[in-house]
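Residue-level listing of the chains:
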Amino acid sequence: MRTPKAGRPDSTPSPETAGNSAPSRRDFLKTSAVAGGGLVIAFTVPGAKRLAMAGIVPTGAFEPNAFLRIGTDDTVTVLLAHSEMGQGIWTSLPMLIAEELECDWSKIRVEHAPAAPEYAHTAYGLQATGGSTTTWSEFDRYRQAGATARAMLVQAAAERFGVTPSSCRAENGAVVADERRATFGELAEAAAALEAPESVPFKDPKDWTVIGTPRMRLDTPEKTTGRAKFGMDVQFEGLLTAVVANSPTFGGSVRSFDATDALAVPGVRHVVQVPSGIAVVADHFWAATEGRKALKIEWEPGRAASVDTDALRAEYLELAATPGVTADEAGDVAGALAGAATTIGGEFSVPYLAHATMEPLNCTVRIGSDGCEIWTGTQFQTPDQGAAAAILGLAPEQVKLHTTFLGGGFGRRANPASDFVSQAVHVAKAAGAPVKTVLTREDDTRAGYYRPAFVHSARLGLDADGRPVAWDHVAVGQSILAGTFFEAMLPENGIDPSSVEGLTDSPYLAEFPNRRVGVHTPDPGVPVLWWRSVGHTHTAFAVESLIDEAAHAAGRDPFEYRRQMLANHPRHLGALELAAEKADWGSPLPAGQARGIAVHESFGSFVAHVAEVSVEDGRIRVNRVVSAVDCGIAVNPMTIDAQLKGAITFGLSATLHSSLSMKEGRVQESNFHDYQVLRLSGMPAVETHIVPSTDPPGGIGEPGTPPIAPAVANAVFALTGRRLRDLPLAL
Amino acid sequence: MRLMVNGVAHDVDAPADMPLLWVLRDLLGMTGTKYGCGMGLCGACTVHIDGEPRRSCSTNVSVAEGTQITTIEGLSDDASHPVQQAWAELDVVQCGYCQSGQIMAAAALVASDANPDDAAIEEAMTGLICRCGTYDAIRAAVKRAAELGGR
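Model, not experiment: these values are computed from the prediction.

Each value, and the rule that gives it
For every chain, the first residue of the written sequence is number 1, and numbering continues from 1 onward in sequence order. The order in which chains are written sets their letters, starting at A; the order in which ligands are written sets their numbers, starting at 1. In keeping with the predicted nature of the model, local features appear solely for residues at pLDDT of at least 70, side-chain atom pairs appear and are counted solely at 80 or more, and the whole-chain, interface and lining totals rest on all residues. Excluded from the side-chain calculations are hydrogens and water; all other atoms, namely the structure's heavy atoms, are used. Secondary structure elements are taken from DSSP: a helix is a run of H or I of four residues or more, a strand is a run of E of two residues or more, and numbering for both begins at the N terminus. C-alpha atoms define the radius of gyration in this analysis, and the globule rule sets the expected value at 2.2 Å times the number of residues to the power 0.38. To sort residues, take the accessible area from a 1.4 Å probe on protein chains only and compare it with the maximum for the residue type: under 20% means buried, over 50% means exposed, and anything in between is partly exposed. Between two residues, a contact is recorded if the distance between any of their heavy atoms is within 4.5 Å. Only the protein chains shown count as cover for residues, with accessible areas throughout obtained via the Shrake-Rupley method and a probe of 1.4 Å. We score Asp and Glu as negative and Lys and Arg as positive, and we do not count His or the chain ends. Charged groups are reduced to one reference atom each: NZ for lysine, CZ for arginine, CG for aspartic acid, CD for glutamic acid. Each residue carries a pLDDT value, the predictor's own confidence for that position, ranging from 0 to 100. Note on aromatic contacts: the rings of Phe and Tyr and the six-membered ring of Trp form a pair at centre separations within 6.5 Å, being stacked when their planes are under 30 degrees apart, edge-to-face when over 60 apart, and tilted otherwise. Any pair of N or O atoms that falls within 3.5 Å is considered a polar contact. Within protein, one atom must be able to donate a hydrogen and the other to accept it, and sequence-neighbouring residues count only if both atoms are side-chain atoms. When a carboxyl oxygen of Asp or Glu lies within 4 Å of a side-chain nitrogen of Lys or Arg, that pair is called a salt bridge.

Draft legend 1. Looking closely at the overall build of chain A. If you tally the helices and strands in chain A, you get 18 helices and 28 strands. The C-alpha radius of gyration of chain A comes to 27 Å, within 12% of the 27 Å expected for a compact globule of 731 residues. Taking the principal axes of the C-alpha coordinates as reference, chain A spans close to 80 × 70 × 50 Å. The proportion of buried residues among the 731 residues of chain A is 63%. Restricting to contacts in chain A with at least 6 residues of sequence separation, those with at least 24 account for 76%. As displayed, chain A offers around 24,800 Å² of accessible surface, 49% of which is attributable to carbon and sulfur atoms. Taken as two groups, the 62 positive and 83 negative side-chain charges of chain A have centres that lie 3 Å from each other.

Structure representation (C-alpha cells):
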C-alpha cells in the first residue's frame with residue numbers, strides 16, 4: 001500500500017519517526033485497571049489525525065484500550081494494532097514490547113486489536129497495515145508500552161518490598177530486589193492502581209537482548225494444526241454463506257434477473273439484489289455456488305465494457321511517445337540526447353496483476369438491533385468500519401470489527417473502496433440474516449483492484465566515455481489514488497506518486513544532468529490498487545534494466561558501473577556490494593548460466609539481488625538468488641529472511657508467469673490454470689544477507705520485490721544478448 | 001451417508017456430488033482444510049483418503065464414503081507429527097493459509113518415501129501453491145520431517 005503523506009514528492013514513507021527518544025509527554029500515556037485484574041497500557045496518538053479532513057477517522061473521546069495486558073496469571077497479552085498477514089508482526093511487535101518489559105517470552109500471547117481509534121497508525125492516522133510500515137511506525141509506541149509497564153511493575157514491587165525502585169530490577173517476568181521476588185502477575189493489580197510515570201527512558205541499544213535476535217514465529221502452533229482462524233473459517237449457529245454474481249464487466253449493473261431456478265436449489269435460502277450484483281444466500285458454500293449457476297441475469301454494460309488490454313497497450317505506447325505532464329525536469333534533455341555519443345533504451349510494459357491471495361476474499365457480517373459485528377481479514381480496519389457504518393446508518397463505534405488472520409494480503413485487503421466488506425454488509429442487510437459472503441477463486445481473480453498495467457518509454461544518452469548525459473522518460477498508467485478518499489493527497493500536477501516512485505527519486509536519474517520524466521494518467525475504468533511494492537514493481541524494472549543497458553553500452557561491468565553511479569549513496573552501495581560479494585560476482589558460472597544484478601530503494605530499505613539464470617526448453621529458469629538488504633535496525637532477522645524470500649517469490653511470479661488480460665471488458669483469466677504463479681518447481685535457492693545497521697528500521701514486506709524482475713531480466717541479457725522489456729519475461 | 005474422518009464416524013446428509021471439502025468445512029465444521037481454488041489447482045484442500053493425498057475440493061463426497069479420511073485436525077493430537085515438528089523447527093509458515101494442505105501433502109510423501117530427494121519433493125509438492133514464498137523452507141522441512149521419522 002502506498003503512503004498517503006501530504007507534501008512529499010515521493011510516496012515512500014520515511015522512517016524518520018522512529019528513533020530512540022523516550023516518551024515524555026504526560027498525556028501520551030494513560031493507564032487504567034481492567035476488569036479481572038491486571039495492568040493495561042494504552043496510548044493516544046497526538047496529532048495523528050491526518051485523514052480526519054477526509055472524514056474517515058472516527059473522532060470522539062479517548063477510549064482507554066491496550067497494546068499490552070498483563071494478567072494475574074503472568075500472561076502478557078500483546079494486542080496488535082496491525083494485521084498479521086504472513087509478514088511476521090505477530091512475533092516482531094511483541095519483541096519490541098518484550099525488549100523493554102523484561103517479560104518471560106514464553107508467557108506472551110498475541111491478539112489482533114479491535115478496530116478503534118487508539119490503534120490508529122502513527123503515521124497514517126487510521127488503523128491500517130500497509131506500505132511496509134508496521135515495524136518503523138510502531139518501533140517507539142510498542143517499546144513505550146513495554147517500558148512504561150515495566151516501570152510501574154517495578155514501582156509496585158518497590159512498595160511491596162519496602163525498598164526504592166532503583167534497588168529493584170525486572171528480569172524474565174518478575175521484579176527482584178536482593179532476596180525478594182514477585183512475578184509480573186503478582187504485581188499486576190497493584191501496578192494498575194499506580195499513576196503512569198512522567199517519563200521512562202528506553203534501554204540503550206547496546207543493552208538490547210531481544211531486538212536483533214532471531215525469534216521463531218509465535219503463530220506456528222495454530223498454523224500447523226489447522227486451528228488458526230482465517231476469515232473463511234468464521235462459523236457460528238445460524239450463519240449463512242453467500243456468493244454474489246457480479247457484472248462480467250467493470251462498472252456494469254443488473255438490468256433484470258430471474259431467481260426462480262436458483263431458489264429451487266436445495267440449501268438456497270435467499271436471492272437478493274445488492275449494489276454489486278445478485279447474491280445467492282444459502283446454508284453453505286456449495287449450495288450458494290450451485291444456486292448461482294441457476295441464476296438468470298441480464299446485465300447493463302458499464303463504462304469499462306469495451307476494455308481490451310491489447311488495444312490498451314497500443315494506446316499507452318502511443319501516449320508514451322508524447323510528453324505528458326512533467327514530473328521532473330533538468331537541463332536540456334532533447335538537445336543533450338541529440339548530442340549523445342550513444343543512445344539506449346526502449347519501451348517497457350507490465351500487465352494488470354491480481355493479488356491472488358491464497359485465501360479468497362470474504363467477510364462475515366451479523367447485524368443486530370443496535371449495531372453490527374464483522375469478522376474479516378482486513379488491512380484497512382478504519383475505512384472498512386466506516387463503510388459498514390455508512391451503509392447501515394450507524395456510528396463507526398457501533399460496528400464491531402474483528403480482525404482474523406489474513407490468508408495473504410499484499411495490498412488487496414487495504415481497499416479505500418472497502419469492496420468485499422461493503423458487499424458483505426449489503427448482503428447481510430438484504431438477507432436479514434448473518435451471512436459470510438465469499439468470493440470464489442474465479443470471483444477473486446476477476447474482482448478488479450489490480451496492479452495497474454503500465455508502459456514506460458525511455459531513452460538514455462551517454463557520452464563517448466559512457467558517462468550519463470541525458471535521460472528522457474515517459475510513464476503511462478492509471479492512478480491508484482484518483483477516485484478514492486486519498487485523492488486529496490494528489491499533488492497539484494495530478495501525478496499519482498505511485499506512478500513515479502522509484503523513478504523520480506532514483507539516485508541514478510540525478511546523475512543525468514539533462515533529464516525529464518513525463519507522466520500520462522489514463523483511466524480506462526479498470527479498478528486498480530496497491531500490489532506488494534506498488535509503483536516500484538514497474539519503475540524498478542525499467543530503471544534497473546536501463547542502467548544495466550547503459551553499463552553494457554559503456555563497456556563496463558554492470559556491478560562496477562552501478563558502484564560508480566551510486567558512489568554517494570552508501571546504503572544502496574552497502575546492499576549492492578554485499579549481494580555481489582556473497583554471490584561471488586564475476587566468478588565463472590557453468591556454461592548456459594549467467595548472472596544479473598539490481599539494487600533498489602523502497603519503503604525505507606535498500607535491497608540488491610543477484611539472480612543466476614539458465615534457459616531450459618526456451619523457458620527462463622532462475623536457479624539461485626543472492627539477496628542483501630539494509631533495512632536499518634533488523635528487529636527479527638528471521639522475519640527479514642522470510643520476507644525477502646517471500647518478496648522474491650512474489651516478484652518472480654510477476655517476472656515469469658502472471659498476467660491478466662481483458663477482451664470486450666471481460667477478464668480472460670479466472671483461476672490458477674490461466675493466472676499462473678510461481679510453484680515450488682520454479683523456486684530458486686535463495687540466500688539472504690543483512691547489512692549491519694544502526695539506522696532506524698525501514699520496511700521489509702515489500703522492498704525485496706522491486707529488484708527481482710530487473711535482476712532476472714539483466715541475467716537473461718547477459719546469457720542471451722536479448723534485452724527483454726515486457727513482463728512477464730518471455731524469450 | 002457415513003464418513004470416517006480422523007477415526008470418527010460422522011453421518012452426513014449431503015448430495016453425492018458435493019465436494020468433500022465443503023462437507024468437512026460446512027457440514028462437519030472442520031475448517032482446518034482450506035478452500036483455495038475449487039479446481040484441484042492449488043492443493044490447499046489436501047487431505048488423505050486411505051493414506052493417499054487427495055484434493056478434497058474436487059473429490060465428490062460419495063467417493064470418500066467407506067474410506068478413512070484424515071485431515072490436518074487428525075494428523076496428531078498435539079502437533080507432534082514429524083512434519084508438524086519439522087515445520088515448527090524451520091519456522092516455515094507465513095500467512096499459513098496454504099499450510100494445512102502443504103503439511104498433509106508432505107505427510108503423505110514422507111510416509112511413502114523415507115528419504116525423499118529433491119525430485120520426489122518437487123513431484124509431491126509442486127501442485128501446491130504458496131503465495132507468501134515458503135517454498136524454500138518447505139523443501140528443507142520435508143527433508144527434516146523425513147529425518148524425524150516420517151511415519
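Draft legend 2. Up close: the environment of Phe236(A). All names here are of chain A. Positionally, Phe-236 belongs in the loop between helix H4 (220-223) and strand S9 (240-246). Phe-236 sits in the partly exposed class, given a relative accessible area of 22%. Put simply, Phe-236 and Gly-125 are 111 residues apart on the chain and 33 Å apart in space, counted from C-alpha to C-alpha. In contact with Phe-236, not counting residues within four places along its chain, are Thr-364, Arg-366, Trp-375 and Pro-434.

Draft legend 3. Local environment of the confidence of the model for chain A. Chain-level statistics for chain A give a pLDDT mean of 91 and a share of 91% at 70 or above. A low-confidence stretch, residues 1-37 of chain A stays under pLDDT 50, and its non-local contacts, those more than four residues away or across chains, total 115 contacts.

Draft legend 4. A look at the packing of aromatic side chains. Residue and element names in this part refer to chain A. All chains considered together, the criterion is met by 21 aromatic pairs over all chains. Centroid distance Phe-67 to Tyr-142: 5.1 Å. Interplanar angle 70°. Geometry classified as edge-to-face. Here Phe-67 is found in the loop between strand S2 (39-43) and strand S3 (68-70), whereas its partner Tyr-142 is found in helix H2 (residues 134-161), with 75 residues between them in sequence. The exposure class assigned to Tyr-142 is buried, which follows from its relative accessible area of 0%.

Draft legend 5. How the structure looks around the side chain of Thr537(A). Residues and elements named next belong to chain A. Examined against the element boundaries, Thr-537 turns out to sit in helix H14 (residues 536-553). Accessibility expressed as a relative area gives 7% for Thr-537, which makes it buried. At a separation of 2.6 Å, a polar atom in the side chain of Thr-537 contacts the main-chain carbonyl oxygen of Val-534.

Draft legend 6. Quick look at the side chain of Asp548(A). Position of Asp548(A) relative to the elements: it lies in helix H14. Not counting residues within four places of it along the chain, the set of residues in contact with Asp548(A) comprises Pro558(A), Arg562(A), Ile597(A), Asn714(A) and Arg723(A).

Draft legend 7. Fine view of the pattern of salt bridges. Residues and elements named next belong to chain A. Counted according to the given criterion, the structure contains 47 salt bridges over all chains. With a shortest N-O distance of 3.0 Å, Arg-169 and Glu-171 are connected by a salt bridge. With a relative accessible area of 47%, Arg-169 lands in the partly exposed category. Here Glu-560 and Arg-563 are joined by a salt bridge, their closest N and O atoms 3.4 Å apart.

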